[in-house]
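Chains, contacts and geometry: an overview
Take a look at the letters that make up each chain.
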There are 2 protein chains.
Amino acid sequence: MTIKVIIADDHQLFIDGIKSILSKTIDIDTIGEASNGLQVIKLLENDIIPDVILTDIRMPIMDGISLTKIISKNYPQLKVLALSMFDQTIDVIEMLEAGAKGYVTKNVDKSELVSALHTLVKGDYFFSANLPENIQDWFQKENKYVKDTQLTKRETEILHLIVKGRTSLQMAKHLKLSKYTIDTHRKNIHKKLGIKSNTGLVNYALKHL
Amino acid sequence: MTIKVIIADDHQLFIDGIKSILSKTIDIDTIGEASNGLQVIKLLENDIIPDVILTDIRMPIMDGISLTKIISKNYPQLKVLALSMFDQTIDVIEMLEAGAKGYVTKNVDKSELVSALHTLVKGDYFFSANLPENIQDWFQKENKYVKDTQLTKRETEILHLIVKGRTSLQMAKHLKLSKYTIDTHRKNIHKKLGIKSNTGLVNYALKHL
DNA sequence: ATTCAAATACCTAATTATAGGTATATGATA
DNA sequence: TATCATATACCTATAATTAGGTATTTGAAT
């Protein structure tokens, strides 16, 4: 259930920042860190196997692109989430070609990072909402899709009721809908947010709504 | 499940303050307000029946003590929670004699008020921790007891894990305890806080811990 | 020495949540 | 007009929570 993460970046301060964000989050544990791609490979060889590798693109010794190619070949079940500065859009495309499953900018906030990790673990792709247009274009060409984690009106309404402690049956009566419908919305919320439990939803809602 | 409350006070500003606090709380709805005891009786006669009546002691036309006596006689299922200023300890004792089930001072904070309401609904008594000594003495004489909502170490530990989204089974494995033990702690937390659901606990914890 | 809080463990039953589906109707939009 | 997002509804099965008990052990306090 817990998402295990390895962080790779040649700036220790940045690693510490991400670790700090993730340490406060349910279901996400940082199990390793590295200052370049080669160190990530060594962690993997020592059976430190994460669910997601959060990696910078430009690093000394072995960069994120080479790392991602090796991982795509030898550890295909691992998801790579690329981190980049705004000015590295060309590198980002290379990362995606190499097999990265998502991309966030380095000024990512907590909720976005958490969403990204959950999304990747589910097997979907995740991209920052504010990603440069040429990357969007590339993805449309490549027949991929950009996730949006926007809830619909109904879903938002139901999320609020969940936070208030209502059960599916109570919501169904209140909204004059079938319990089945409520549960369907609930499942769609789970899918969109990448959060599978009621307690997680309350956490998310209180922190982000 | 939702706790319905009527607020009675001759100061509208104070009613508004309490309403504002309660409106932000799960499972508590303000269904009526009154500026004196007689207005409360009229609400009850119009089938506006709350679970708890939050009432000032000194009010014009009909004070909280007379109100409480009438309620104790004609609506014994309703709980009366007395509100008072610090300087009205004699009145408070009269309220309790009249049948009030709890007492909070007017500088009550949100968490205390919510605990008080939950506690009364359960059928227990609630008294502000900082209540004057002569009232404590009176209660010891009268063989009542003062609730404390302090969680033990283990309970606090488990509450935190619940907030993190762990299930009973996960916690049992993590702490090397029986699932039965976890569930017992969980039930004791429910009892102490007067909150019966997981989502409610997460709400409580994020707001008060 | 006895009482008491805290922590532990077990049992049963009912309710709720989670997860995997499928399916239909509608209104917007490409 | 054909597709897509949204909202609706149903079905089954398993997991988890909630609620009602009882009971034992241990360490601290009266």
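A brief look at the structure comes next. (Residues numbered from 1 in each chain as written. Chains lettered and ligands numbered in written order. Predicted model: local features only at pLDDT ≥ 70, side-chain atom pairs only at ≥ 80, totals over all residues. Heavy atoms only, no water.)

This part covers the interface of chain A and chain B. Contacts between chain A and chain B engage 17 residues on the former and 17 residues on the latter. Together chain A and chain B conceal approximately 1300 Å² of surface at their shared face, both sides included; 50% is due to carbon and sulfur atoms. Three residues, A:K164, A:T199 and A:L206, lead the burial of chain A against chain B; their summed loss comes to 33% of the area buried on that side. For the pair chain A and chain B, the number of links is 0 salt bridges. Along the contact surface separating chain A from chain B lie 3 residue pairs in polar contact (both at pLDDT 80 or more). When residues of the side of chain A that touches chain B are traced back to their parent elements, those giving at least two are α7 (153–163) and α10 (198–208) of chain A. (Contact = heavy atoms within 4.5 Å. Buried area = accessible area lost by both parts, 1.4 Å probe. Salt bridge = Lys/Arg side-chain N within 4 Å of Asp/Glu carboxyl O. Polar contact = N/O pair within 3.5 Å; in protein donor to acceptor, adjacent residues only side chain to side chain. Helix = DSSP H or I, 4+ residues; strand = E, 2+ residues; numbered from the N terminus.)

In a beta sheet, neighbouring strands pair by backbone hydrogen bonds and run either parallel or antiparallel. All names here are of chain A. Reading across from one edge, β2-β1-β3-β4-β5-β6 is the order of the 6 strands in this open sheet, with parallel pairing throughout. What marks the edges here is a single partner per strand, and that holds for β2 (28–34) and β6 (126–127). Both strand β3 (residues 52–56) and strand β4 (residues 79–84) contribute to a ladder of 5 bridges, which runs parallel. Following the sheet pairing, L54 is matched in β4 by L81. Contacts between helix α2 (residues 37–45) and the sheet are confined to β1 (3–8), β2 and β3, with β2 contributing the most and set at about 120° to the helix. Most of the contacts of helix α5 (residues 110–122) go to β4, to which it runs at about 150°, and overall it touches β1, β2, β3, β4, β5 (102–105) and β6. (Pairing = 2+ DSSP bridges. Axes fitted to C-alpha atoms, helices over the stretch in contact; angles between N-to-C directions.)

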